[in-house]
Amino acid sequence: MKYSALSVALFAAAPLAWSAPAVDVDETLIVTGDRLAQSADSVLAPVTVIDRASIVAMQAKSLSDILRTLPNVDVNQYGGRGQNATVTVRGATSAQSLVLIDGMRSTTSALGPLNINNFPVAEIERIEFIRGARASVYGSEAVAGVINIITRDGRDGTTLTAGAGSFEQVEASVRHQSQLAGGTLKAVLAYEDEEGYNVHPVPGVNDGDKHGFTGKSALLAYDRAVTERLSLYAAARWFQNESQYDNSSLGNPAWGAPDVRERKENRFENVDYQLEARYQGERWHSSVQAQYSDSESQDFVDTLSYKDSPDFSHLRQYNLAWVNRVKLTDAISVGAGLDWRDEQLRGDSTYLDWATGVAIPFADGTLSRDNTGAYALLRVEEGGHQFEASVRSDDNEQYGQHTTWQVGGRIAATDSVALVASVGTAFRAPTFYDLYYPGSGNPDLRPETAEHYELALEGAVASIDWRLGWYRQDAEDLIQFDSLTYRPVNIGEAVIDGIEAEAAFDTGPVHHQLSYGWRDSEDRTTGNELAASARHNAKWNLSYDWDALNLTGNLVYRGSRWGDAANTVKLDAYFLVNLAASYQLTESLALRLRLENLLDEEYVTIADTFSGGSYPGQERSVYGQVEYRL
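Analysis parameters
Residues numbered from 1 in each chain as written. Predicted model: local features only at pLDDT ≥ 70, side-chain atom pairs only at ≥ 80, totals over all residues. Heavy atoms only, no water. Helix = DSSP H or I, 4+ residues; strand = E, 2+ residues; numbered from the N terminus. Rg over C-alpha atoms; globule rule 2.2 N^0.38 Å. Buried < 20%, exposed > 50% of the residue type's maximum accessible area, 1.4 Å probe, protein only. Contact = heavy atoms within 4.5 Å. Areas by Shrake-Rupley, 256 points an atom, 1.4 Å probe, with all protein chains shown as cover. Pairing = 2+ DSSP bridges. Phe/Tyr/Trp six-rings, centres within 6.5 Å; stacked < 30°, edge-to-face > 60°. Lys NZ or Arg CZ within 6 Å of the ring centre and 35° of its normal. Salt bridge = Lys/Arg side-chain N within 4 Å of Asp/Glu carboxyl O. Core = buried A, V, L, I, M, F, W, Y, C linked by side-chain atoms within 4.5 Å. pLDDT = per-residue confidence, 0-100. Polar contact = N/O pair within 3.5 Å; in protein donor to acceptor, adjacent residues only side chain to side chain. Patch = residues over 30% accessible without salt bridge, like charges linked within 9 Å, V, L, I, M, F, W, Y side chains within 5 Å.

Draft legend 1. The arrangement of the overall build of the protein chain in detail. When helices and strands are counted, the protein chain shows five helices and 35 strands. Its C-alpha atoms give the protein chain a radius of gyration of 24 Å, near enough to 25 Å, the size a compact globule of 630 residues would have. Taking the principal axes of its C-alpha atoms as reference, the protein chain extends roughly 75 × 60 × 50 Å. Looking at the 630 residues of the protein chain, the share that counts as buried comes to 56%. Taking all contacts inside the protein chain whose residues are at least 6 apart in sequence as the whole, residues at least 24 apart take part in 62%. Element-wise, carbon and sulfur atoms account for 58% of the exposed surface of the protein chain, whose accessible area totals about 25400 Å².

Now the structure itself:
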């Protein structure tokens, strides 16, 4: 059958894999669905896959550039490159989307939503994105979707790149992959620097300021087949980012409060090591993974060194996972897995005491919690029809035991049209900051819970791949800040109803991928709409290839939405047009160009309700790059 969840990966990915040849959807393998490689059309949820060729073709400078092109995804960013940015899926909160690095959780999720601008684009080979709840396989945070950033695999050879652009941006990278001792060795080194612009202008207070970014990253990996069925993988990843931001504000004469101009910096450094053993038999597939990750983050005024930062968070995480799938018959397969995770907020973490102006230990020693999860999955596929059921139990040292489940199926109405439906539960655990932040933490918090429903028609007709779907997310015990007690509490209830429409097709040499999302959200506690959840969201990705020339376009529309939970600050709709061109001068040499925000749209993605300033998006900008392949 040539369709699945909107022809799953290829429908959504082909428009982004502009430089890649067309591939039959049945040949596409993803690893995010049930945590082991499976065909894309066996995943009931809508899936998007973006490969390295896609990322190069669009000349993405950050993970934000990539993710904002995906269906029903919004990026909320405090200004330009390097500024804190989070991703929301289907109008849910940024804390309700799980971000994985090579199938393992990001360390910083223990404190809150991942800053997606931290991860270096140079290390990314592939991104797999699944919409909808997957908590019955992954556990906490997999409420609205799962984003898996994959650094493995690649293309043999050595590639050198150098580029420059607006805001005095410069970049350089070296990527190498070769065969060594019967295995594949991969190495990546990258550097980028940008002077930036005023990401938080406060009129009359910080006029003329600029807030820049510097990023450095390295990756070393080795993959080797020990036998025909057993292979081993090891990787070390490191990156360090320094970004300037602004904490200025207008004063209040009535209160005798003066204007404040405050330039600040954040220094973030992360290192992780990963080992994996994979076995692939005729009937049994198995993987054992181990990961160690350590991250440090300092926030400080720019007159200080990062070593003197009073705000310092030090996270450490250990992960172990064992996942399995057994094919019982040609139609029936079962999966099962165990994973264990230990999260630590190390004892050297400190915070700034505003009363004394000095650094104070975050806690008396290291704060830690471990989580043990076990899941089981059943999949039946026969004659184009499919049934799937999964259940997972998480036992957490802090909040106890939590069980999630999901049931779904696909009915092939005809050879070209299918009906897909699923129902399940999900949850999101409180973070260390929610629980223990001095003076405002609440150690009695419970996990957020959600029920998820989905119904869709999908198929292919007249060379058009299409999908039309409805979903509902009904959440309870949402963790929200209580202005009376000045701490987070479980008081929120929210419901989101949404409709998604997608289509992919060719008009001559031009490939199109269009998506539209409509949402109706309500905070049942107040009756307000959910903050940052636009009613309308649309994307149009185009690509054109002619001989050695490749042209791409990404059009992004985000409707008006409330910038705050009280629904007092309205953010305007915006429309972004980003273009990219690549020209292969020779077999080894390529020239690339990116034009961002072609229409010079003035827009913001995050409301500033306190300082009297704003967080403007990046104005029209141009970037060029030269790539040489040895």
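Draft legend 2. Quick peek at the pairing of strand E9 (residues 145-150). Taken across its six residues, E9 has six buried, putting it largely inside the fold. Every second residue of E9 is oriented toward a common face, with Gly145, Ile147 and Ile149 on one face and Val146, Asn148 and Ile150 on the other, all of them buried. Sheet topology note: the strand E6 (residues 97-101)/E9 ladder contains five bridges and is parallel. Along E9, the bridge assignment pairs Ile101 with Ile149. With six bridges joining them, strand E8 (residues 126-131) and E9 adopt antiparallel strand pairing. By the bridge assignment for E9, Ile127 is matched with Ile149.

Draft legend 3. The arrangement of the packing of aromatic side chains in detail. This structure, assessed with the given rule, holds 15 aromatic pairs. Where Phe481 meets Tyr486, the ring centres are 6.2 Å apart and the plane angle is 70°; that geometry is what we call edge-to-face. According to the relative accessible area criterion, Tyr486 is exposed, its value standing at 54%. An aromatic cluster is built from Tyr351, Phe362, Tyr433 and Tyr437, whose rings are joined through pairwise contacts. Taking the ring centre of Trp562 as reference, the NZ or CZ of Lys570 above it sits at 4.3 Å.

Draft legend 4. The arrangement of the environment of Phe239 in detail. The topology assignment puts Phe239 in strand E14 (residues 230-246). Here Phe239 falls in the buried class, since its relative accessible area comes to 6%. Sequence-distant contacts of Phe239, defined by excluding residues within four places in its chain, comprise Asn118, Phe119, Pro120, Lys216, Ser217, Phe268, Glu269 and Asn270.

Draft legend 5. Here's a closer look at the pattern of salt bridges. Summed over all chains, the structure comprises 50 salt bridges. Note that Glu343 is salt-bridged to Arg369, the shortest N-O span being 2.8 Å. Linking Glu343 in strand E18 (residues 332-345) with Arg369 in strand E21 (residues 367-382), this pair joins segments that are 26 residues apart in sequence. Across this residue pair, the class does not change: Glu343 and Arg369 are buried. A network of salt bridges, in which partner residues are shared, links Arg90, Arg131, Arg410, Glu454, Glu458, Arg467, Glu500 and Glu502.

Draft legend 6. Structural view of the nonpolar core. Core analysis: the largest hydrophobic core is formed by 39 residues, its most contacted members being Leu63, Ile66, Leu67, Ile116, Ile127 and Ile149. Residues within four places of Ile127 in sequence aside, it is in contact with Thr48, Val49, Ile50, Leu63, Ile66, Leu67, Ile147 and Asn148. Listed in part, the ten residues of the second largest apolar core include Leu98, Leu100, Val137 and Leu377.

Draft legend 7. Just the confidence of the model for the protein chain, in detail. Considering every residue of the protein chain, the mean pLDDT works out to 91; 95% of them sit at 70 or more. Every residue in residues 1-27 scores below 50 in pLDDT, and together they form 97 contacts with partners more than four places removed in sequence or on other chains.

Draft legend 8. Focus on the side chain of Glu128. One can find Glu128 in strand E8. Of the polar contacts made by the side chain of Glu128, one reaches the side chain of Thr32; its length is 2.5 Å. In this structure the side chain of Glu128 is engaged in a polar contact, spanning 2.9 Å, whose partner is the side chain of Arg126. Filtering out sequence-adjacent residues up to four positions away, Glu128 remains in contact with Leu29, Ile30, Val31, Thr32, Thr48, Val49, Val146, Ile147, Asn148 and Ile150.

Draft legend 9. View of a nonpolar patch on the surface. A grouping of Val226, Leu230, Leu232, Tyr279, Trp284, Val288, Trp322 and Leu338 is seen on the molecular surface, where their side chains present a nonpolar patch of about 690 Å² in accessible area. Put simply, the parts of the chain that give the nonpolar patch at least two residues each are E14 and strand E16 (284-301). Here Leu232 is to be found in strand E14. We classify Leu232 as partly exposed; its relative accessible area is 42%.

Draft legend 10. Region of interest: the side chain of Ser217. Position of Ser217 relative to the elements: it lies in strand E13 (residues 211-225). Those residues in contact with Ser217 that sit more than four places away from it in its chain are Pro120, Glu123, Val188, Leu189, Ala190, Trp238 and Phe239.

Draft legend 11. Expanded view of the sheet that holds E8. One open sheet holds the five strands; their spatial order is E3-E8-E9-E6-E7, and the pairing between them is mixed. Each end of this open sheet is capped by a strand with a single partner; those strands are strand E3 (47-51) and strand E7 (104-105).

Draft legend 12. Structural detail: the pairing of E6. For E6, the buried fraction is high: five of the five residues fall into the buried class. Here E6 shows two buried faces, one formed by Ser97, Val99 and Ile101 and the other by Leu98 and Leu100. Bridging between E6 and E7 involves two bridges; their strand directions are antiparallel. Following the sheet pairing, Leu100 is matched in E7 by Arg105. A loop of two residues connects E6 with E7, the two strands running antiparallel in sequence, and Asp102 in this loop sits at a positive phi of about 50°.

Draft legend 13. Molecular detail of the environment of Asp339. Along the chain, Asp339 falls in strand E18. Separated by 223 residues in sequence, Asp339 and Trp562 have C-alpha atoms that sit 39 Å apart. In this structure, Asp339 is in contact with Arg35, Leu320, Ala321, Asn371, Thr372, Gly373 and Arg392, ignoring residues within four places of it in sequence. Among the polar contacts listed, one links the side chain of Asp339 to the side chain of Arg35, at a separation of 2.9 Å. There is a polar contact of 2.9 Å between the side chain of Asp339 and the side chain of Arg392.

Draft legend 14. Local environment of unusual backbone geometry. Of note in this structure, Phe167 is not a glycine but carries a positive phi near 60°. In this structure, Phe167 sits in the loop between strand E10 (157-165) and strand E11 (169-180). In this structure, Ala532 is a non-glycine residue whose phi angle is positive, near 70°. In this fold, Ala532 is placed in the loop between strand E28 (510-523) and strand E29 (536-546).

Draft legend 15. Local environment of the environment of Tyr471. Secondary-structure assignment places Tyr471 in strand E26 (residues 464-482). For Tyr471 and His452, which are 19 residues apart along the polypeptide, the C-alpha to C-alpha distance reads 7.4 Å. Within polar-contact distance, the side chain of Tyr471 engages the side chain of Asn72 at 3.5 Å.

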